[in-house]
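Okay, here's what each chain looks like letter by letter:
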Amino acid sequence: VTALAAAVARLWPEVSTHSVDPGWVPTKMGGPHAPDDLRLGHLTQEWLATTDAAETKTSGGYWHHQRREAPHPAVYDVAFQTRLLEALAGATGVTLH
C-alpha cells in the first residue's frame, strides 16, 4: 500500500496521496498486547485530510502519529513500483499511468 501511494504520487503529482502507519494497535490482527492506543489510530488520517501544515503539502509521504517517517527503501524504488503496478493491473485489469 505504501509503494502504491508513492507510485501514485510520482505518476500524478497533482494528486495528494500519503500512506499512514496507524501503529501497532490491539485488534484481532495486532493482538491484545499491542502497545498503541486503538482510539488514536485514526488521528493521523484525520489530520492529513484537514490540516494546512506545510509538511503535508508534498505528496507521497509516509506518516506515523502525525510525523513523517522514512518507509522501507523499496517504497521509492521505481522498478519495484513498476512491478507492483504491473501485478495489480494483471489482477484488476486497471492500468495506472
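As a reminder, the structure under discussion sits directly above these lines.
Residues numbered from 1 in each chain as written. Predicted model: local features only at pLDDT ≥ 70, side-chain atom pairs only at ≥ 80, totals over all residues. Heavy atoms only, no water.

Engineer: Is there a simple way to explain the sheet that holds strand β3 (residues 67-68) in this structure?
Structural biologist: Paired through their backbone hydrogen bonds, the strands of a sheet run either parallel or antiparallel. Read from one edge to the other, the open sheet built from three strands follows the order β1-β2-β3, with strand pairing classed as mixed. In the strand order of this sheet, the two ends are held by β1 (18-21) and β3, each with one partner. Alignment of β1 against strand β2 (residues 61-64), held across four bridges, turns out to be parallel. Pairing of S19 across the sheet is with Y62, part of β2. (Pairing = 2+ DSSP bridges. Helix = DSSP H or I, 4+ residues; strand = E, 2+ residues; numbered from the N terminus.)

Engineer: Where do I start with the pairing of β2 in this structure?
Structural biologist: In the case of a regular strand, side chains alternate between the two sheet surfaces. By the alternation rule, side chains of β2 split into G61 and W63 and Y62 and H64, which are all buried. The parallel pair β1 and β2 is bridged by helix α2 (residues 43-50), and the resulting crossover is left-handed. Summarising the sheet, β2 and β3 pair through two bridges and their orientation is antiparallel. Residue pairing for β3: H64 is matched across the bridge by R67. (Buried < 20%, exposed > 50% of the residue type's maximum accessible area, 1.4 Å probe, protein only. Right-handed = clockwise from strand over helix to strand, strands pointing away.)

Engineer: I keep staring at the packing of aromatic side chains and nothing clicks. Help me out?
Structural biologist: The way to describe two aromatic rings as a pair is by their centre distance and the angle between their planes. For the structure on display, the rule yields one aromatic pair. With a centroid separation of 5.3 Å and an interplanar angle of 70 degrees, the aromatic rings of W47 and W63 are classed as edge-to-face. Of the two residues, W47 is situated in helix α2 and W63 in strand β2; the sequence distance between them amounts to 16 residues. A residue is classified by how much of its surface remains accessible, and W63, at 1% relative accessible area, is buried. (Phe/Tyr/Trp six-rings, centres within 6.5 Å; stacked < 30°, edge-to-face > 60°.)

Engineer: Can you help me understand unusual backbone geometry in this one?
Structural biologist: In terms of backbone geometry, most residues other than glycine have negative phi values and most peptide bonds are trans. Although it is not a glycine, H65 sits at a positive phi angle of roughly 50 degrees. Along the chain, H65 turns up in the loop between β2 and β3. Notably, Q66 is not glycine yet its phi reads approximately 60 degrees, a positive angle. The topology assignment puts Q66 in the loop between β2 and β3. Exposure remark for Q66: the relative accessible area of 37% places this residue in the partly exposed category.

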